Amino acid sequence: QVQLVESRGGLVQAGGSLRLSCAASRSFFGIETTGWYRQAPGKQRELVARITHTGSTNYADSVKGRFTITRDNAKNLMYLQMNNLQPEDTAVYYCNLVQLGGFESWGQGTQVTVSS
């Protein structure tokens, strides 16, 4: 089981920025994908952004142009830079890792609240 630990989220005003980080207990070498998901109250968990083993990135339409996912492979860290945050971005954000073969790990989640 891979351990994933997210940084603390926080409260930010609309239009503000926040960067989340995720520390993994193992190297990203041989990983299928790493990514960020979020879950707002009363809604299903949804993909925010992910990086595949080829280095390609995918973003939810709602965050394209505002959020950026990056990885520091040397430090086993993944980041989510969130700019121009809006109240609809309020959610618990989860770090996710999928190993080759499909085994999946999740972080504990971190709350991001955007006030209007």
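Below, the structure is looked at part by part. Quantities reported herein were computed from a predicted structural model and do not represent experimental measurements. (Residues numbered from 1 in each chain as written. Predicted model: local features only at pLDDT ≥ 70, side-chain atom pairs only at ≥ 80, totals over all residues. Heavy atoms only, no water.)

## Comments concerning the nonpolar core
Move 1: Formed by 28 residues in total, the largest nonpolar core has its most connected members in Leu20, Trp36, Val48, Phe67, Leu80, Met82 and Tyr93.
Move 2: Of all the elements in the fold, those that place two or more residues in this core are strand 3 (18-24), strand 4 (31-39), strand 5 (46-52), strand 7 (67-72), strand 8 (77-82), strand 9 (91-99) and strand 11 (110-115).
Move 3: Filtering out sequence-adjacent residues up to four positions away, Phe67 remains in contact with Arg38, Val48, Tyr59, Leu80, Gln81, Met82, Asn83, Leu85, Asp89 and Tyr93. (Core = buried A, V, L, I, M, F, W, Y, C linked by side-chain atoms within 4.5 Å. Buried < 20%, exposed > 50% of the residue type's maximum accessible area, 1.4 Å probe, protein only. Helix = DSSP H or I, 4+ residues; strand = E, 2+ residues; numbered from the N terminus. Contact = heavy atoms within 4.5 Å.)

## Regarding the environment of Gln81
Move 1: Within the element layout of this structure, Gln81 appears in strand 8.
Move 2: Considered as a pair, Gln81 and Asp61 are 20 residues apart in the sequence and their alpha carbons are 16 Å apart.
Move 3: Sequence-distant contacts of Gln81, defined by excluding residues within four places in its chain, comprise Ser17, Leu18, Arg19, Arg66, Phe67 and Thr68.
Move 4: In this structure the side chain of Gln81 is engaged in a polar contact, spanning 2.9 Å, whose partner is the side chain of Asn83. (Polar contact = N/O pair within 3.5 Å; in protein donor to acceptor, adjacent residues only side chain to side chain.)

## Quick look at the pairing of strand 7
Move 1: Two elements, strand 7 and strand 8, share six bridges in a ladder whose sense is antiparallel. Residue pairing for strand 8: Asp72 is matched across the bridge by Leu77.
Move 2: Hairpin remark: strand 7 followed by strand 8, antiparallel, with four residues in the connecting loop; positive phi at Asn76, about 60°. (Pairing = 2+ DSSP bridges.)

## Re the sheet that holds strand 3
Move 1: Reading across from one edge, 1-3-8-7 is the order of the four strands in this open sheet, with antiparallel pairing throughout. Pairing within the sheet leaves two strands with one partner each, and these edge strands are strand 1 (4-6) and strand 7. On average, adjacent strands in this sheet sit at an angle of 15° to one another, irrespective of strand direction.
Move 2: Looking at chain direction, strand 1 and strand 3 are connected through three bridges and run antiparallel. Counterpart to Glu6 in the pairing with strand 3 is Cys22. (Axes fitted to C-alpha atoms, helices over the stretch in contact; angles between N-to-C directions.)

## Some remarks on the environment of Leu100
Move 1: Along the polypeptide, Leu100 turns up in the loop between strand 9 and strand 10 (104-106).
Move 2: Counting along the chain gives 47 residues from Leu100 to His53, while the straight-line C-alpha distance between them is 9.3 Å.
Move 3: In this structure Leu100 touches Gly30 and Glu32, once residues within four positions along its chain are discounted.

## Some words on the packing of aromatic side chains
Move 1: Applying the stated rule across the entire model yields two aromatic pairs.
Move 2: Centroid distance Tyr37 to Trp106: 5.0 Å. Interplanar angle 70°. Geometry classified as edge-to-face. Taken together, the positions of Tyr37 in strand 4 and Trp106 in strand 10 put the pair 69 residues apart, joining distant regions of the chain.
Move 3: The class for Trp106 is partly exposed, based on a relative accessible area of 31%. (Phe/Tyr/Trp six-rings, centres within 6.5 Å; stacked < 30°, edge-to-face > 60°.)

## Thoughts on the state of the cysteines
Move 1: Under the counting rule described, the total for this entry stands at one disulfide.
Move 2: For Cys22, the disulfide goes to Cys95, at an S-S distance of 1.9 Å. With the S-S dihedral at roughly -80°, the linkage between Cys22 and Cys95 falls on the left-handed side. Separated by 73 residues along the polypeptide, Cys22 in strand 3 and Cys95 in strand 9 bring together distant segments of the chain. Grouping residues by exposure puts Cys22 and Cys95 together as buried. (Disulfide = S-S within 2.5 Å.)

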